[in-house]
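Structural characterization, general
Now for the letters of each chain:
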Amino acid sequence: MFPFAPSDPRRRRVRFRPAGAAALALGLAAVTGCSGGGSGSSDDTVKIGLVASLSGTYEPVGTELRDGFKLYLDTHGNKLGGRKVELIVADEGDGPPTAVPAATKLVKKDKVDVLTGLVGGGSVNAVLPLTQQAKIPFLGSNARPPVKDIEYVWTTSFLSDEPGKAIAPYIKDKVDGPVYAIGPDYQGGHDELRGFTEEFERVKGKLANPDGKTTWTPFPKTTNFMPYFAEIAKTDAKAVYCFYAGKAAIDFAKQYAQSDIADLPLYTAFVTEGSVLQAQGPAAKDIYSVLNYAADLDNEANRTFAADWTAEHDTQPTTYAMASYDAAAVLDKAIADAAKDGDVTPQTINKAIAGLGQIDSPRGAWEFGDKAHSPVQTWYLRQVRPDGSKLANVMVQDLATLGS
């Protein structure tokens, strides 16, 4: 499935530099008019609804989901599968209270053919009844919790427990002693830390938490992590594992570097991913992270994606942008396949997604698993290191292939 085996020496790292000052034009064609067939689209237009956190704690994540999808549209003539696209973007905010009204408008009033995006696992669970009742595909582009009815549910990112599951054996091998687990007290945090703690226990690792369970920080109100670090310092922890993203990740990393446990190795999912890395500055140096993408992966799809992204944003691309870019790529292929077989409807698009097979992606080739409709893909260990004049998440090694 993957172009190179994990140990293949041909899989080199490559540095990407900004490709010039010229900005990409990210305008979308204005499309009006609706027709029948159970869709809000005109005959040659597909309506895509994208819900992402454009305000609140996860604004940095949601912005990149939006921009990754837009980048694919802009570099493909604002068309998917040969059809014009009307992209309608809505704000997810910090979770279900704002995500559900946003998605309801897209599904019931705007009558989109596909819904994509969603940063939070709680938002996914709250929104899915809408898409399932309407029988339109939900193509998520960020971490997703397990779902029982997956007929119309897909993700181009991963299941929320997979990052921790991928890195736990590595941490057990590298850390000589107990590891302290900490994360935010909400659906995504529970899933992310569960993946780590269950796998860590399976490989005979020991948690340094006094009760042997993850320590939870209230979400989204926790901005001062120093009391938690003081408690970690009282344990026999030899390392820390955590999951935080967005603004919380900035606070966590900066305060960690100033705390009594600054010398403990920090292993994370997401803490240094995206624009937060520049905001963290030197505090992020040496932090390890596990993700399904690294900006310096050397393959043709990533060279194209990274060059296009840096030309527009003058920063390294991230897993958030990549997964949303891939969501557009999936729809590009699926809509084209649906058109070959007849009408392009939410149902025919969904059927076409199921039959796509391998996706050529900046992360490396992947495909949807039959069990959970999530990518079967490689996971990478990265570390924040100097890359030229800036700090970057540099790929260290492959960790595992997971997905179902």
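Residues numbered from 1 in each chain as written. Predicted model: local features only at pLDDT ≥ 70, side-chain atom pairs only at ≥ 80, totals over all residues. Heavy atoms only, no water.

**A word on the pairing of strand E9 (residues 239–243)**
Taken across its 5 residues, E9 has 5 buried, putting it largely inside the fold. Neither face of E9 is open: one carries Ala-239, Tyr-241 and Phe-243, the other Val-240 and Cys-242, and all of them are buried. Relative to strand E10 (residues 266–269), E9 runs parallel, the two sharing 4 bridges. Paired with Val-240 across the bridge in E10 is Leu-266. (Buried < 20%, exposed > 50% of the residue type's maximum accessible area, 1.4 Å probe, protein only. Helix = DSSP H or I, 4+ residues; strand = E, 2+ residues; numbered from the N terminus. Pairing = 2+ DSSP bridges.)

**Focus on the nonpolar core**
Grouped together as the largest cluster of nonpolar side chains are 74 residues, with contacts concentrated most on Phe-69, Leu-80, Tyr-241 and Leu-331. At 12 residues, helix H10 (residues 319–341) tops the list of elements feeding residues into this core. Sequence-distant contacts of Leu-80, defined by excluding residues within four places in its chain, comprise Ile-48, Phe-69, Tyr-72, Leu-73, Val-85, Ala-328, Leu-331, Asp-332 and Ile-335. One finds Ala-208, Phe-252, Leu-264 and Leu-266 within the second-largest nonpolar core, a separate group that totals 24 residues. (Core = buried A, V, L, I, M, F, W, Y, C linked by side-chain atoms within 4.5 Å. Contact = heavy atoms within 4.5 Å.)

**Topic: the sheet that holds strand E1 (residues 45–52)**
Taken in spatial order, the 6 strands make up an open sheet running E2-E3-E1-E4-E5-E6, and their pairing is mixed. Each edge of the sheet is formed by a strand with only one pairing partner; in this case those strands are strand E2 (79–80) and strand E6 (153–155).

**What to know about unusual backbone geometry**
Residue Pro-220 is bonded to the preceding Phe-219 through a cis peptide linkage, with omega at 0 degrees. Tracing the backbone through its elements, the reader meets Pro-220 in the loop between strand E8 (215–217) and helix H6 (226–233). Positive phi, normally seen in glycine, also occurs at His-373, with a value near 55 degrees. We classify His-373 as buried; its relative accessible area is 12%.

**A word on helix H2 (residues 96–109)**
With 14 residues, H2 should reach 20 Å at 1.5 Å per residue; the first-to-last C-alpha distance of 19 Å fits that figure. Buried within H2 we find Ala-99, Ala-102, Ala-103, Leu-106 and Val-107. Angular distribution of buried residues about the axis of H2 spans 125 degrees; they occupy a single face of the element. Turned more than 90 degrees away from the buried face of H2 sit Pro-97 and Lys-109, all of them exposed. Where H2 is buried, its residues contact E1, strand E3 (83–91), strand E4 (114–117) and helix H3 (121–134). Of the residues flanking the end of H2, it is Lys-111, one or two places downstream, whose phi is positive at about 55 degrees. (Expected span 1.5 Å × (residues − 1). Arc of directions from axis to C-beta.)

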